Structure formats: C-alpha cells, structure tokens
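# Geometric and topological summary
This is what each chain is made of:
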Amino acid sequence: MKPLIDEAISKVMNSGWYVLGEEVANFEREFAHYLNANFCVGVASGTEALTLCLMANEIGAEDEVITTSVTAFPTITGIIQSGAKPVVVDVFEKDGLIDYTKVTEKINAKTKAIIPVHLYGQSCDMDPIIKIAKDHNLIVIEDCAQAVGATYKNKKCGTIGSCGAFSFYPTKNLGAYGDAGAVITNDEIIYKKLLSLRNYGQTKRYHHEYNGINSRLDEIQAAVLRVKLSFLDEWNDKRANIAAYYKKYIKGVEFLEEHNYGSSANHLFVIKVPDRDKLIGYLNSNEIEVWIHYPIPIHKQKAFLDQKEEKLKYAEDFTSKILSLPIYPELSEEKLHKIVTVINNYGR
C-alpha cells in the first residue's frame, strides 16, 4: 500500500492545489458511494464534523443536545463548539450504548437533537431513537467516529439520521495521516449548507451567507483516504476475525453484548473485568499493551459541570470495568495467541 500512498501524495504535491481540489471532490463522491448515501462533505476533523452537523441544522445557542455519558470527550466538544448545551444520559449495562429509554425524560423545550454514539464500532439500536426523535420533532445526528463500515439493518451507519459524522484520525479503521473527518447526509439542503459552513460560510467567493468556520479536508489527506478506502472492507474483515478469535478462546472475562441487527466495525475490542488494574499490570508485565476507552464517564469529567451531581449507575459501573485489547488488521496470529494465553493464565 505504501507505493500507492506515496504516488497519491506525490500527485497532490505536483498539482500545486492543496485545499478543496480534485482529491477532496473524488473522495467525497467515493465515500458517499461506499456508504450508499447521497452526499459527503470532507472536513478537518470528526469533532468539527459534529459541530457542522449541528450548525447546518440551525442548532446552537440556547439549544440542548442529548447524547451518551460513555463516549470520547470530542463528542461533547463538538456540541459545545456549536454553541449548544450537551445533556448526557445513561447507557445499557451490557454493551455501553446509549440507553434510549432514558432520553425522553431529558427532553424539554430547548432540546433540538439526539446524538447516538456507535461505540467501539457497534451501531446503537436506531429504530427506537428515530421514533423518539420523530415524536418530539428532534434531529438525529450519528456519531460514527468509531463505526466506519458498520451496519444497522442493512444500512451503513451514518445514513440513518439527518447526518453522520465521521473521524479519520490516524488510529481509526479508515485513518488519514493527520486530523480529518467527513459528514454524510441524504438531504441536499443540508449538504449545500455544509459546503458553505466548512469554508467560512461562503456561497461563492467573497459572498458569505452564513457564519461558518474553517474546517476543510486537505487534498493530501483526501488522497491518502482514497487509497485506504479501497482496503477498508478487507481490514474490517480482519478485525472481525480477531474479535471472533477472542470470543472463542478467552475465558473468565465478560464480553460486551453484540446485537444481530447489524455488523460491527470492531474498532475496539472491549472486555469487562472486576479487577481491571491488576489485569492491566499483569498484561503489561507480559509486554501486552492495553487501554481503557473510557475510564471516566462524561458526567464525572471536571470540564463537564452541569450534571456532576447526577448518578448514572450503569455508565459509572461500565467505565470502572472495561478494558480494550489489541485489535488491528496487522495483528499477527502469534501475538493474538499470546494475548489469549496470557489472559487465560491470569490468576492461575
């Protein structure tokens, strides 16, 4: 793949056109086609993709947006950057996904949107979320930062709500060589607004119809993503095989519930263990690096003040037990076998 990427980058450098050119336009068309969506708008990051989704739907100051307390903080940052106020709810105990049964109690006159996060690569149950949104005249924006290629009832994640926000941070399943993101939508009006909003609100040169921001996908990043997009399904299949191996052979841990309404992108492989810190130490002593995604629920973050006194039982319990095992397409069979063996020997 390296020669293909080197060639793609060289083509951009030789063109002399580095912002909003042919590579971005081609990637937008190809990524929309991959997701079976009408429109794609390349932007500077997944965080700003969320911000722009809200801005395009005229959600901002004095508005509230409901999301989950178990997510990366950039979900919250994306909401705050739009001017809106994030409101978080609890998660389901067995999978960490947003508990949609808790959403209605947080809806008030200021509520304008719901952002379900397809955590670790698995889709939220979108039908009840869409129904709640329709019943209360709300917008649904999907946070797909970890779910590129994941599906819900034969639809790709990101194509079910008003918009889908994607991150192409280098560690993602589809990763750029720096920050990058995209918004997917099937709404032509929203699409045209997004094109303007990402580029200072311009509708044509020096004509600014909206108060936009500077959030443009670079030509070099688009060129890299175009090359990598052709490998995405192959890489996701490898991730699925690794996840299946873990589930088949690891003993004595709790796996997250996996739903049959769709296929996961397996961005992360997360287990739950009661003695996490001890297991981490044991794994590290055996030269196995692991992470926690995420150790602190949003409502307990120092920067998130509005709900700090609220108790979200399952979010707090979930984040105290989760542990992410290595999962990436290049993970060798030897390393995979070692990880499983070390975990199974733990405590013996």
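The rules behind these values
Residues numbered from 1 in each chain as written. Predicted model: local features only at pLDDT ≥ 70, side-chain atom pairs only at ≥ 80, totals over all residues. Heavy atoms only, no water. Pairing = 2+ DSSP bridges. Helix = DSSP H or I, 4+ residues; strand = E, 2+ residues; numbered from the N terminus. Axes fitted to C-alpha atoms, helices over the stretch in contact; angles between N-to-C directions. Contact = heavy atoms within 4.5 Å. Parallel < 35°, antiparallel > 145°, perpendicular 65-115°, else oblique. Left-handed = near helix turned anticlockwise from the far one by under 90°. Nonpolar A, V, L, I, M, F, W, Y, C, P; charged D, E, K, R; others polar. Buried < 20%, exposed > 50% of the residue type's maximum accessible area, 1.4 Å probe, protein only. Arc of directions from axis to C-beta. Salt bridge = Lys/Arg side-chain N within 4 Å of Asp/Glu carboxyl O. Patch = residues over 30% accessible without salt bridge, like charges linked within 9 Å, V, L, I, M, F, W, Y side chains within 5 Å. Areas by Shrake-Rupley, 256 points an atom, 1.4 Å probe, with all protein chains shown as cover. Right-handed = clockwise from strand over helix to strand, strands pointing away.

What follows concerns the sheet that holds strand β9 (residues 181–185). Strand order in the open sheet made by the seven strands is β1-β9-β8-β5-β4-β2-β3, with mixed pairing throughout. The open sheet terminates on both sides in strands that have one partner only, identified here as β1 (39–43) and β3 (85–89). The mean angle between the axes of side-by-side strands here comes to 25 degrees, regardless of whether they run parallel or antiparallel. Two strands pair when backbone bridges link them, and β1 and β9 are joined in this way by five bridges, in the antiparallel orientation. Bridge pairing in β9 links Phe39 to Thr185. Along the sheet, helix α3 (residues 46–56) contacts β1, β2 (64–68), β4 (111–115), β5 (139–143), β8 (163–167) and β9; its crossing angle with β8, the most-contacted strand, is approximately 165 degrees.

On to the packing of helix α1 (residues 2–15) against helix α7 (residues 219–229), then. Put simply, α1 and α7 touch, their axes get as near as 9 Å, and they point 150 degrees apart. Accordingly, the angle class assigned to the pair α1 and α7 is roughly antiparallel. For the crossing formed where α1 meets α7, the hand is right-handed. Across the interface between the two elements, Leu4, Ile5, Ala8, Ile9, Val12 and Met13 of α1 pack against Glu219, Ile220, Ala223, Val224, Val227 and Lys228 of α7. A class-by-class count of the residues in the contact of α1 with α7 yields ten nonpolar, no polar and two charged.

Every buried residue belonging to helix α9 (residues 276–285) is among Arg276, Leu279, Ile280 and Leu283, and all of these are buried. On an axial view of α9, the arc spanned by its buried residues comes to 105 degrees, and they lie on one face. In α9, the exposed residues that point more than 90 degrees away from the buried face are Asp277, Lys278 and Ser285. Lining the buried residues of α9 we find α10 (313–321), β14 (322–325) and α11 (333–345). Two residues or fewer past α9, Glu287 is found with a positive phi of approximately 60 degrees.

One pass over the structure, following the stated rule, counts 18 salt bridges. Glu30 is the salt-bridge partner of Arg226, the closest N and O atoms lying 2.7 Å from each other. In this pair, Arg226 sits in helix α7 while Glu30 sits in helix α2 (residues 22–35), placing the two residues 196 residues apart along the sequence. Arg226 sits in the partly exposed class, given a relative accessible area of 24%. For Glu30, a relative accessible area of 25% translates into the label partly exposed. Across the pair Lys321 and Asp317 runs a salt bridge whose closest N-O atoms are separated by 3.4 Å. Taken together, the positions of Lys321 and Asp317, both in helix α10 and four residues apart, correspond to about one turn of that helix. Taking relative accessible area as the criterion, Lys321 reaches 27% and is therefore assigned partly exposed. The exposure class of Asp317 is partly exposed, given its relative accessible area of 26%.

With that settled, the discussion passes to a nonpolar patch on the surface. A cluster of nonpolar side chains, contributed by Met13, Tyr18 and Val19, occupies part of the molecular surface with about 260 Å² of accessible area. You can see Tyr18 is positioned in the loop between α1 and α2.

Buried residues dominate β2, accounting for five of its five residues. Here β2 pairs with β3 via five bridges, running parallel. Counted as the bridge partner of Val65 is Pro86 from β3. As a crossover connection, the stretch from β2 through helix α4 (residues 74–81) into β3 is right-handed.

So, on to α4. Among the residues of α4, those classed as buried are Thr75, Ile76, Gly78 and Ile79. For α4, the angular spread of the buried residues around the axis is 160 degrees, confining them to a single face. Contact partners of the buried residues in α4: α3, β2, β3, β4 and β5. Gly83 occupies a position one or two residues after α4 and carries a positive phi of about 100 degrees.

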